[in-house]
Amino acid sequence: MQTNNRRVRLASSALMALTLAATAAACGSDDEGTTADGKVKLTVATFNEFGYEELIEEYNAMQDDVVVEQKKAGTANEHQDNLYTKLAAGSGLSDIEAIEVDWWSALMEQSDAFVDLSDPEVEGRWLDWKTEAATTPDGALIGYGTDIGPEGICYRADLFEKAGMPTDREKVAEMFGTWDDYFEAGRQFVKKVPDTAWYDSSGGTAQAMINQVEYSFEDEDNTVIAAENPEVKEVFDTITANAADGLSTGLTQWSEDWTASFQDNGFATMACPGWMLGVIEGNADGVEGWDIANVFPGGGGNWGGSYLTVPAQGDNVEEAKELAKWLTAPEQQIKAFEAKGTFPSQVEALDDPALTGSINAFFN
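No experiment lies behind these values; they were computed from the predicted model shown.

S.K.: I'm lost on the state of the cysteines in this one. Help?
M.R.: Put plainly, a disulfide is one covalent bond tying together the sulfur atoms of two cysteines. Summed over the entire model, instances satisfying the criterion amount to one disulfide. Shown here is the disulfide that connects cysteine 154 with cysteine 272, its sulfur atoms set 2.1 Å apart. Every disulfide takes its handedness from the sign of the S-S torsion; for cysteine 154 and cysteine 272 that torsion is -115 degrees, giving left-handed. Placement of cysteine 154 in strand E6 (residues 151-156) and of cysteine 272 in strand E8 (residues 267-273) is noted, with a sequence separation of 118 residues between them. Note on cysteine 154: relative accessible area 0%, which makes it buried. On the basis of relative accessible area, cysteine 272 is assigned to the buried category, the value being 0%.

Written as structure tokens, this is what we have:
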């Protein structure tokens, strides 16, 4: 699957910045920085699935004077709310805080609240565009990259067969060179299988398309341009027209009805960043026919991906930096991939046989 090097900027992140107070004085982390027996205590706050459970156990087993505890929010929104509240308060954050890529535009306004993680030991460790997104205008690196979201198209081969369409993933890939090709295939599909939509969600498909726009909602100077951006308008018009043609389920991603649609042949395709594979497998448990084509309309895209930051308000900043460095090393990124399917952003990890030779039985 392919990625591009365009940094996505969201207008919503600019609005979030307004909720942040000026960086407050350091006031201590979420818990006391030591355990009852005098060991350094580090907390790592994440959301969804980072694949860190076994890694943290491994790290603890390696340490004599450090104990690490993970705090995992159920959703990114829950984690984000906690992050912004405690940033504004100036205290209460964990020693390491996970950050989703789309939050950077707002958080860069508060970059002094995070420790500069620049280190000769990690130079060149990540894909260039991954590092660039977490680098401040004055050159400070305030986030170590975790996963990325390279995209393909996931599809139901059994439903394609029902519509008389090719099912082999290489032939399917030939059908989806451009978005026009993809939507035209969808119009043909819904004529043959009228009870099934072509894709899972208008919002999700629009997000995948907008992720290919270099400056979508804000320009390079963080000026909001969404209202007058012709590329955004074109995406909106395209998605609206295709929804009217019956290509979309009309459902919102992550809603209960959307989740249920995996079980009742609700749709035939969806945009698939690497982290979505686990979501599909979980929601479509027991459903046979899922496959993935090594193509993305319009030439590749990246959807999502996260970072580890070290808040400056923490009690054990140096120890936290070492832990963040270890968790994002290529060896650990591969272990996280094996645990939860998080696609590595580490250059060395991308050539690891554990990644390149990985087989997912659910996706054939």
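The structure having been displayed, the exposition proceeds.
S.K.: Could you clarify how one ought to interpret the packing of helix H2 (residues 53-62) against helix H13 (residues 317-327) in this entry?
M.R.: Packed helix pairs are specified by the crossing angle of their axes together with the interaxial distance, meaning the distance between the axes. Put simply, H2 and H13 touch, their axes get as near as 11 Å, and they point 130 degrees apart. Considered as vectors, H2 and H13 are oriented oblique to each other. Note on packing geometry: the crossing formed by H2 with H13 is right-handed. Where H2 approaches H13, its residues Leu55, Glu58, Tyr59 and Met62 are matched on the opposing element by Glu322, Leu323, Trp326 and Leu327. Its residues assigned to classes, the contact of H2 with H13 shows six nonpolar, no polar and two charged.

S.K.: I would appreciate a short explanation of empty space enclosed by the protein in the present structure.
M.R.: Any empty space left between atoms is shown by rolling a water-sized probe over those atoms. Applying the stated criterion across every chain, the model contains one cavity of 30 Å³ or more. In this structure, the largest cavity occupies an estimated 70 Å³ of space. In this structure, the largest cavity is lined by Phe50, Tyr52, Thr146, Asp147, Leu327, Gln332, Gln333, Ala336, Thr342 and Pro344. In terms of residue class, the lining of the largest cavity is made up of five nonpolar, four polar and one charged.

S.K.: I would appreciate a short explanation of the pairing of strand E2 (residues 66-73) in the present structure.
M.R.: Both faces of the sheet carry side chains from a regular strand, because those side chains alternate between them. Sheet topology places strand E1 (residues 40-47) next to E2; eight bridges connect them, and they run parallel. When the sheet's bridge partners are listed, lysine 41 is paired in E2 with valine 67. Between E1 and its parallel partner E2, the chain crosses via H2, and the hand of that crossover is right-handed.

S.K.: Quick question: what am I supposed to make of the sheet that holds strand E3 (residues 96-100) here?
M.R.: The strands that make up a sheet are held in pairs by hydrogen bonds between backbone atoms, and each pair lies either parallel or antiparallel. Taken in spatial order, the five strands of this open sheet run E2-E1-E3-E10-E4, and their pairing is mixed. Edge strands, defined here as strands with exactly one partner in the open sheet, are E2 and strand E4 (144-145). Bridge count for E1 against E3 is two bridges, and the pairing is parallel. In the sheet register, alanine 45 faces E3, and the bridge partner there is glutamate 97.

S.K.: Help me understand the layout of surface pockets, please; the structure alone is not making it clear to me.
M.R.: Volume-wise, the second largest pocket comes out at about 250 Å³. In this structure, the second largest pocket is lined by eleven residues; those nearest its centre are Trp179, Met209, Gln212, Glu234 and Val235. Take the lining of the second largest pocket: its biggest share by element is four residues, from helix H10 (residues 230-244). Across the lining of the second largest pocket, the residue classes break down as five nonpolar, two polar and four charged.

S.K.: Quick question: what am I supposed to make of the sheet that holds strand E9 (residues 290-293) here?
M.R.: Spatially, the four strands line up as an open sheet ordered E7-E8-E6-E9, and their pairing is mixed. Looking at which strands have only one partner, the edges of the open sheet turn out to be strand E7 (197-199) and E9. Mean inter-strand twist for the sheet, computed between neighbouring axes without regard to direction, equals 20 degrees. Note that E7 and E8 share two bridges and pair parallel. What sits directly across from tyrosine 199, in E8, is threonine 269.

Basis of the calculations
Residues numbered from 1 in each chain as written. Predicted model: local features only at pLDDT ≥ 70, side-chain atom pairs only at ≥ 80, totals over all residues. Heavy atoms only, no water. Disulfide = S-S within 2.5 Å. Helix = DSSP H or I, 4+ residues; strand = E, 2+ residues; numbered from the N terminus. Buried < 20%, exposed > 50% of the residue type's maximum accessible area, 1.4 Å probe, protein only. Axes fitted to C-alpha atoms, helices over the stretch in contact; angles between N-to-C directions. Parallel < 35°, antiparallel > 145°, perpendicular 65-115°, else oblique. Left-handed = near helix turned anticlockwise from the far one by under 90°. Contact = heavy atoms within 4.5 Å. Nonpolar A, V, L, I, M, F, W, Y, C, P; charged D, E, K, R; others polar. 1 Å grid on protein atoms, 1.4 Å probe; cavity = no way out; pocket = protein on both sides within 12 Å on 5 of 7 lines; lining within 4 Å. Points joined across faces, edges and corners; volume = space filled by probe spheres on them. Pairing = 2+ DSSP bridges. Right-handed = clockwise from strand over helix to strand, strands pointing away.

So far we have only geometry, and geometry alone does not tell us how the molecule works.
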